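# A structural walkthrough
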Amino acid sequence: MNVTEAVLSRRSIRRFKDTPVPLETIRRVLDHARWAPSGCNYQPWEAVVLTGEPLRALQEVMVVAQPDDPLEYRYDRPAVSEKHQARLFELGAVMYGSQGIARADKAARDEFSRQNLLSFGAPVLLLCHFPKFMGEPQWSDVGMWLQTIMLLLKDEGLDSCPQEWFGIYGRTIKAHLGMGEDTLLFAGLSIGEADTSAPINGFQRPRVALDDHVTFLGF
């Protein structure tokens, strides 16, 4: 698989098979991902990777926990922009539509949201965190590191789902794993083999046209 194929085939998987992922595969991917871009070579990213009983134990805690109040960070600030909020609504329509879940079906939507806490059945969960003193440039570095991991996983025949949802439960996760308050729990990355028979993994993903967000000058 070349880089273009990895980029175009990568998508957020929301139903996984329970096929185990070998530790050596995860270590190889993360070892290669160390070479992701990093401003000033700070390499701010840190992670805990769980599978098996440790993952189940965390999930048991999370499914009965309440979201942080207040949240340690907001992932939904673009909601103040009609243009960006419309993109969210467009995704929601096709995503829930692929499962036959109506907009008014609150119970079904809540259950789908709950599946975030179970990593959509993925056998491996990477929890990404970093020191709270890191600034916006380092957050960008962490995003590039996660993207690098996701593309390397494709090269290994694996799929993933990046989930800022875990940041909503940051304090619960940190307490369970023994992390201090000086740490920010940023996101989870569910890892495994996609269930390609699940409609939730096959809907057409909406994307903005290139010329709607890029301006070319001097060509």
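Residues numbered from 1 in each chain as written. Predicted model: local features only at pLDDT ≥ 70, side-chain atom pairs only at ≥ 80, totals over all residues. Heavy atoms only, no water.

## Describing unusual backbone geometry
Filter applied, for reference: Strands are runs of DSSP state E lasting at least two residues, helices are runs of H or I lasting at least four, and both sets are numbered from the N terminus onward.
The omega torsion of the bond from Asp-69 to Pro-70 falls at 5°, within 30 degrees of zero and hence cis. Position of Pro-70 relative to the elements: it lies in the loop between α3 (52-62) and α4 (82-97). Here the phi dihedral of Gln-43 falls at roughly 45°; this positive angle occurs in a residue that is not glycine. Of note, Gln-43 is situated in the loop between α2 (23-33) and β1 (46-51). Residues other than glycine seldom take positive phi values, yet Ser-119 does so here, at roughly 60°. Note on placement: Ser-119 falls in the loop between α5 (106-117) and β2 (124-131).

## Quick notes on the pattern of salt bridges
Let me state the cut-off plainly: We count a salt bridge whenever a side-chain nitrogen from Lys or Arg sits within 4 Å of a carboxyl oxygen from Asp or Glu. Categorising residues by exposure relies on relative accessible area from a 1.4 Å probe, with only protein chains included: less than 20% of the type maximum marks a residue as buried, more than 50% marks it as exposed, and the intermediate range marks it as partly exposed.
Inspection of every chain in the model, using the stated rule, returns 13 salt bridges. A salt bridge links Arg-171 to Asp-68, with the nearest nitrogen and oxygen atoms 3.8 Å apart. Here Arg-171, found in helix α7 (residues 170-177), pairs with Asp-68, found in the loop between α3 and α4; they are 103 residues apart in sequence, far enough to count as distant. The class of Asp-68 is buried, set by a relative accessible area of 10%. Because the salt bridges share partners, they merge into one network encompassing Glu-72, Lys-132, Lys-174 and Glu-181.

## Topic: a nonpolar patch on the surface
Keep this limit in mind: The residues that make up patches have over 30% relative accessible area and no salt bridge, and they are joined within 9 Å when like-charged or within 5 Å when they are Val, Leu, Ile, Met, Phe, Trp or Tyr. Exposure was quantified through the Shrake-Rupley algorithm and a 1.4 Å probe, taking into account, for residues, occlusion by the shown protein chains and nothing else.
A cluster of nonpolar side chains, namely Leu-210, Val-214, Phe-216 and Phe-219, defines an oily patch on the protein surface of about 480 Å² accessible area. On the secondary structure map, Phe-216 appears in the segment after β4 (183-192).

## A closer look at the nonpolar core
Rules: In this text, buried Ala, Val, Leu, Ile, Met, Phe, Trp, Tyr and Cys residues form a nonpolar core when linked through side-chain atoms within 4.5 Å. Note on definitions: a residue-residue contact is assigned when non-hydrogen atoms from the two residues lie within 4.5 Å.
Of all hydrophobic cores here, the largest spans 24 residues; its most connected members are Leu-126, Trp-145, Leu-146, Ile-149 and Phe-186. Elements supplying a minimum of two residues to this core: α2, β2, α6 (136-155) and β4. Sort the elements by how many residues they give to this core and α6 lands first, with 6 residues. In this structure Ile-149 touches Val-29, Leu-30, Ala-33, Leu-126 and Leu-189, once residues within four positions along its chain are discounted.

## Quick word on the side chain of Asp-68
The following threshold applies: Pairs of N or O atoms are called polar contacts if they sit within 3.5 Å, as long as, within protein, a hydrogen donor faces a hydrogen acceptor (for residues adjacent in sequence, only side-chain-to-side-chain pairs).
At 3.0 Å, the side chain of Asp-68 forms a polar contact with the backbone nitrogen of Arg-171. With near-sequence residues (within four places) excluded, Asp-68 lies in contact with Gly-167, Ile-168, Tyr-169, Gly-170, Arg-171 and Thr-172.

## Considering α4
Quick note on the threshold: Helix span is expected to be 1.5 Å times the residue number reduced by one. It is the directions from the helix axis to the C-beta atoms that the arc portrays.
The terminal C-alpha atoms of α4, which comprises 16 residues, lie 22 Å apart, in line with the 22 Å expected from a rise of 1.5 Å per residue. For α4, the complete set of buried residues consists of Gln-85, Gly-92, Met-95 and Tyr-96. Seen along its axis, α4 keeps its buried residues to an arc of 90°; they face one direction. Away from its buried face, by an angle of more than 90 degrees, α4 presents the exposed residues Lys-83 and Ala-93. Close packing links the buried residues of α4 with α5.

## As for α7
Taken residue by residue, α7 has Gly-170, Thr-172, Ile-173 and Lys-174 as its buried positions. Residues of α7 that are buried sit in contact with α3, β2 and β4.

Remember that the coordinates give geometry; whether it matters functionally is a separate question.
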